[in-house]
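The chain contents come next:
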Amino acid sequence: MVLKNHCDGVLAFGGGSSIDAAKAIAACVTNTKTAQQLAGVFKVKQAILPLYAIPTTAGTGSEVTPAAVISNSESHKKEVIIDPKLTPRMAALDCNLMLELPPAITAATGVDALTHAIEAYISTNATDHTNELALSAIKLIFKLLETAVTNGKNVQARQSMAMASYYAGMAFSRAGLGYVHAISHNIGAKYAVPHGIANAIILPQVLDFSLPNIEDKLANLARLTNIVDNGVSDKNAAKTFIAAVRQMIKSMGIPHYFENLEAKDIPELARSALKEAHFTPYAVPKYLDQMGCENLISKMMKA
Ligand SMILES: [Fe+2]
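Residues numbered from 1 in each chain as written. Predicted model: local features only at pLDDT ≥ 70, side-chain atom pairs only at ≥ 80, totals over all residues. Heavy atoms only, no water.

Section: the packing of helix H3 (residues 103-122) against helix H4 (residues 128-150)
Here is the rule we go by: Axes here mean lines fitted to C-alpha atoms, for a helix over just the part in contact, with angles spanning 0 to 180 degrees between N-to-C directions. Elements are defined by DSSP. Helices are runs of H or I of four residues or more, strands are runs of E of two residues or more, and each kind is numbered from the N terminus. Should an angle fall under 35 degrees it is called roughly parallel, over 145 degrees roughly antiparallel, and 65 to 115 degrees roughly perpendicular, with every other angle called oblique. By convention the crossing between two helices is left-handed if the near helix lies anticlockwise of the far one by an angle smaller than a right angle, and right-handed if it lies clockwise. Note on definitions: a residue-residue contact is assigned when non-hydrogen atoms from the two residues lie within 4.5 Å. Charged means Asp, Glu, Lys or Arg here, nonpolar means Ala, Val, Leu, Ile, Met, Phe, Trp, Tyr, Cys or Pro, and polar covers whatever is left, Gly included.
Where H3 meets H4, the axes come as close as 9 Å, and the angle between the chain directions of the two elements is 160°. As far as their axial angle goes, H4 and H3 are roughly antiparallel. Our pair here, H3 against H4, has a crossing hand that is left-handed. Taken together, the residues of H4 that come into contact with H3 (itself represented by Pro103, Thr106, Ala107, Gly110, Val111, Ala113, Leu114, Ala117, Ile118 and Tyr121) are Asn131, Ala134, Leu135, Ala137, Ile138, Ile141, Phe142, Leu145, Ala148 and Val149. Its residues assigned to classes, the contact of H3 with H4 shows 17 nonpolar, three polar and no charged.

Listed below in structure tokens is the structure:
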């Protein structure tokens, strides 16, 4: 369609998947390659068609990131194209487009933004600048995500979530993501679970696992979000933060397990997740091996 009509630009309008699809289209056209051929890091050699994004959900941050997640319908795996050339030239954030979003999608996309911000904040590639962005996002999400879910017409909550998504997207574009996303992409593709829901189930488990190496950072988040007083120890504050994340996810009606996750699938899911995490720019604070990743994923099965 783009070639047939001699289009000289692409306007992406929609949620994260639509914007990712637009990125892939804009890159495939100028690079004369398929999306699968461009999957990986820095494989986009030619500048993409000029791309502009108008997100209609708040969470993916795709409007400001250099990544596009694509699904392979044959292998049921998700692949990621990562290249700075994919970053849209401009993004327009208009929260009026988000006022009608159903609560379930608001919750799932909001937790996606929270996951971006937390993974960027605990990344070993984090900088002062990315921390500033991630902290701003986390503060806004703790303050107003539940309001956006329960009262979708609340303009202030919608506006704050649009900004939080944008801040979190900017933060992870530089600092990277972590095991939550690596596992989420693979489980999401295998069982067709929406990205934000998968993140919500995985995030508390990865924080539990990473806790010994990020106690100070999680304690800082607990104080930033006013979950604990300044006098509380780092150890207790960090645990309280993880509990608050679990509570927020539960209060939005998201389960803590994957309905269809089967034990026989876990070894391959762990292998694919570790491959994604360790061969792309994921600078995680505590490393998982195959057995550790399998154990972690098994905690997300329905009891
Ligand atoms: Fe995400």
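Quick notes on the layout of surface pockets
Heads up, the rule is: The rule is simple: put a 1 Å grid over the protein atoms alone, call a set of points where a 1.4 Å probe fits but cannot get out a cavity, call an open set with protein on both sides within 12 Å along at least five of seven lines a pocket, and count a residue as lining if it has an atom within 4 Å of a point. Grid points are joined across faces, edges and corners, and a volume is the space filled by probe spheres set on the points. Domain start and end points were adopted from an automatic or database domain assignment.
Space inside the largest pocket adds up to approximately 920 Å³. What lines the largest pocket is a set of 42 residues, and nearest its centre among them are Asp20, Val69, His116, His185 and His195. Elements represented by at least two residues in the lining of the largest pocket include exactly helix H1 (16-31), strand S4 (67-72), strand S5 (77-82), H3, helix H5 (155-175), helix H6 (179-191) and helix H7 (195-224). Broken down by element, the residue count for the lining of the largest pocket peaks at six residues, all from H3. For the lining of the largest pocket, the class distribution of residues is 20 nonpolar, 17 polar and five charged. Three or more residues apiece are contributed to the lining of the largest pocket by two domains, here domain 1 (10-91) and domain 2 (97-298). Taken as a whole, the second largest pocket holds about 430 Å³ of empty space. Around the second largest pocket sit 17 residues that line it, and Lys78, Glu79, Val80, Lys275 and Glu276 are the ones nearest its centre. Broken down by secondary-structure element, the contributors of at least two residues to the lining of the second largest pocket are strand S2 (40-41), S5 and helix H9 (266-279). In terms of residue class, the lining of the second largest pocket is made up of six nonpolar, five polar and six charged. Each of domain 1 (10-91) and domain 2 (97-298) gives at least three residues to the lining of the second largest pocket.

Here's the deal with the environment of Thr240
Here Thr240 is to be found in helix H8 (residues 234-251). Leave out the neighbours within four places in its chain, and Thr240 touches Ile227 and Val228.

Quick look at the nonpolar core
Our working rule: Among the buried residues, those of types Ala, Val, Leu, Ile, Met, Phe, Trp, Tyr and Cys that are joined through side-chain atoms within 4.5 Å form a nonpolar core. For each residue, the accessible area found with a 1.4 Å probe, counting protein chains only, is set against the maximum for its type, and the residue is called buried under 20%, exposed over 50%, and partly exposed in between.
Ile183, Leu218, Phe258 and Ile297 are the most contacted members of the largest nonpolar core, which has 80 residues in total. Look past the residues within four positions of Ile297 in its chain and what remains in contact with it is Ile183, Ile187, Leu261, Ile266, Leu269 and Ala270.

Let's talk about empty space enclosed by the protein
Applying the stated rule across the entire model yields one cavity of 30 Å³ or more. Each pocket or cavity is described by its volume, and for the largest cavity that value is around 60 Å³. Glu119, Ile122, Ser123, Leu177, Gly178, Tyr179, Val206, Ser210, Ala283, Val284 and Pro285 together form the lining of the largest cavity. Counting only elements with at least two residues in the lining of the largest cavity, the list comes to H3 and H7. Of the residues that constitute the lining of the largest cavity, the class distribution is seven nonpolar, three polar and one charged.

Comments concerning the coordination of the iron ion
For clarity, the cut-off: Think of the donor list as every N, O and S atom within 2.8 Å of the metal, or within 3.2 Å for Na, K and Ca; water never makes the list, so a site can look incomplete.
The protein atoms that coordinate the iron ion are Asp112 (OD), His116 (NE2), His181 (NE2) and His195 (NE2), at distances spanning 2.1 to 2.2 Å. Of note, the iron ion draws all its donor residues from one chain, in the sequence arrangement D-x3-H-x64-H-x13-H. With His116 in helix H3 and His195 in helix H7, this pair connects stretches of sequence that are 79 residues apart. Residue class for His116 comes out buried when judged on its relative accessible area of 3%.

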